[in-house]
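# Notes for the structure review
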Amino acid sequence: MGSRARAASLREFQDRLALERGVRFRSLFLLIMGTLLAVAATDVLLGVVGTLQETRSRPLTFAERARYSQEDVARRWYTWPADAVFPPQIEYVGLSRVRQYARRVGIAPEAPCPAVVDAPVGSVLRQFGCRTMLRATYVDQTSSFVVTVGVAVLADEETRARTAGQLPVDDRVGVRPVAFPGTVTESFGAAQRQRTGWVGAGPYIVFTTAGYADGRTREAISRDEITHSELWPAAQSIAGRIGRELSAPPDIPRCTQGNVC
């Protein structure tokens, strides 16, 4: 009888120990799982907060504003319509300070840079990776002067500056004339060029070549006459206007998602 009682007590004690161990193990398991879940929840929360901070609208930094402006100007040559790059009419001021207007006669197809300029200029443009050339021809309001404008597209403003620094200093070479048959420009060819030049504007070099609509050659005009003619001021004004529009600073949004931060 006493042996059975001791055996029963021993089993009860062992069962109680096993139960206590199970409770401790269960509590430890729950503690570990709770800790893991808390860590995971914290990571998720931090990730959500980080995502919100990254995606919420905020003011643009100085570097972001500069990059926005640079990229906007650099893509205008292909994002703008042709009438924006080469306006149908351009106002300019002549030697007498009278406001006058140049009229666009036509726009030539886009072309590789070296193919539409004289060889000394083409070699420089090729060296610095000129992307393409856009060209149009204008006449003054009396249809006496003809001006071909060529917009050379470089990678960026720094490349344009280095390119321009290597261009030949020679007013006999530059962009070649573009004549349009059936118009007052049809006699404007290489022999009729009086002067050529260029102006830098952002990542662009705006070339000009100018002459007379009546077909007079460079040799037929005295240097004194060309110096005092309105031909070259008109050509420079047309190129300057096109260059200023292409390189004008854009309207930059204040924030990453518009003008509301």
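How each quantity is defined
Here, residues in each chain are numbered from 1, in the same order as that chain's written sequence. Reporting in this predicted model follows two pLDDT cut-offs: at least 70 for local features of residues, and 80 or more for side-chain atom pairs to be given and counted; totals over whole chains, interfaces and linings ignore these cut-offs and use all residues. The basis for the side-chain values is all heavy atoms of the structure; hydrogens and waters are excluded. Pairs were defined over the aromatic rings of Phe, Tyr and Trp, the Trp ring being its six-membered one, requiring ring centres within 6.5 Å. Orientation was assigned from the angle between planes: stacked under 30 degrees, edge-to-face over 60, tilted for the rest. Three exposure classes are used, based on accessible area relative to the maximum for each residue type with a 1.4 Å probe and protein chains only: buried under 20%, partly exposed in between, and exposed over 50%. Each helix corresponds to a stretch of at least 4 residues labelled H or I by DSSP, and each strand to a stretch of at least 2 residues labelled E; elements are numbered beginning at the N terminus. Identification of polar contacts relies on pairs of N or O atoms within 3.5 Å, with a donor-acceptor requirement for protein atoms, meaning one able to donate a hydrogen and the other able to accept it, and with residues adjacent in sequence counted only if both atoms are side-chain atoms. In short, DSSP must find at least two bridges between two strands for them to pair. Here, a disulfide means two cysteine sulfur atoms that sit within 2.5 Å of each other. A fitted line through C-alpha atoms represents every axis, and for helices the fit uses only the stretch in contact; the resulting angles, taken between N-to-C directions, go from 0 to 180 degrees.

## Topic: the packing of aromatic side chains
- Across all of its chains, the model carries two aromatic pairs by this definition.
- The interplanar angle of 75° and the centroid separation of 5.1 Å between the aromatic rings of Trp-77 and Tyr-78 together place this pair among those described as edge-to-face.
- Classification of Trp-77 as buried rests on a relative accessible area of 18%.
- Both rings, one in Phe-145 and one in Tyr-212, keep their centres 5.8 Å apart while their planes meet at 65°; by these two values the pair is edge-to-face. Residue Phe-145 is found in strand 4 (residues 145-153), and its partner Tyr-212 is found in strand 6 (residues 204-212); the two are separated by 67 residues along the sequence.

## Some points on the side chain of Thr-148
- Looking at where Thr-148 falls in the secondary structure, it is placed in strand 4.
- At a separation of 3.0 Å, a polar atom in the side chain of Thr-148 contacts the main-chain amide nitrogen of Val-178.

## Some words on the pairing of strand 4
- With nine of nine residues buried, strand 4 is to be regarded as a mostly interior element.
- Relative to strand 4, strand 3 (residues 132-139) runs antiparallel, the two sharing eight bridges. In the strand pairing of strand 4, Thr-132 is matched with Val-153.
- Here strand 3 folds back onto strand 4 in antiparallel fashion, the turn holding five residues, of which Ser-143 has a positive phi close to 60°.

## Section: the pairing of strand 2 (residues 99-107)
- The pairing of strand 1 (residues 89-93) with strand 2 spans five bridges and is classified as antiparallel. Bridging from a neighbouring strand, Val-93 pairs with Arg-99 of strand 2.
- When strand 2 meets strand 3, the two strands line up antiparallel, connected through four bridges. When the bridges of strand 3 are listed, Ile-107 appears paired with Ala-136.

## A closer look at the state of the cysteines
- Summed over the entire model, instances satisfying the criterion amount to two disulfides.
- Disulfide pairing places Cys-113 opposite Cys-130 at an S-S distance of 2.0 Å. Because the torsion about its S-S bond is -55°, the bridge between Cys-113 and Cys-130 counts as left-handed. With Cys-113 in the loop between strand 2 and helix 5 (119-127) and Cys-130 in the loop between helix 5 and strand 3, this residue pair connects regions lying 17 residues apart in the sequence.
- Sequence-ordered numbering of the bonded cysteines in the chain gives a disulfide pattern of 1-2, 3-4.

## Regarding the sheet that holds strand 1
- Strand order in the open sheet made by the six strands is 1-2-3-4-6-5, with antiparallel pairing throughout. Among the strands making up the open sheet, the edge pair consists of strand 1 and strand 5 (193-201). Here the strands of the sheet are splayed against their neighbours by 30° on average, with no regard to which way each runs.
- Here strand 5 runs beside strand 6; their pairing, made up of eight bridges, is antiparallel. Across the sheet, Arg-193 pairs through a bridge with Gly-211, a residue of strand 6.

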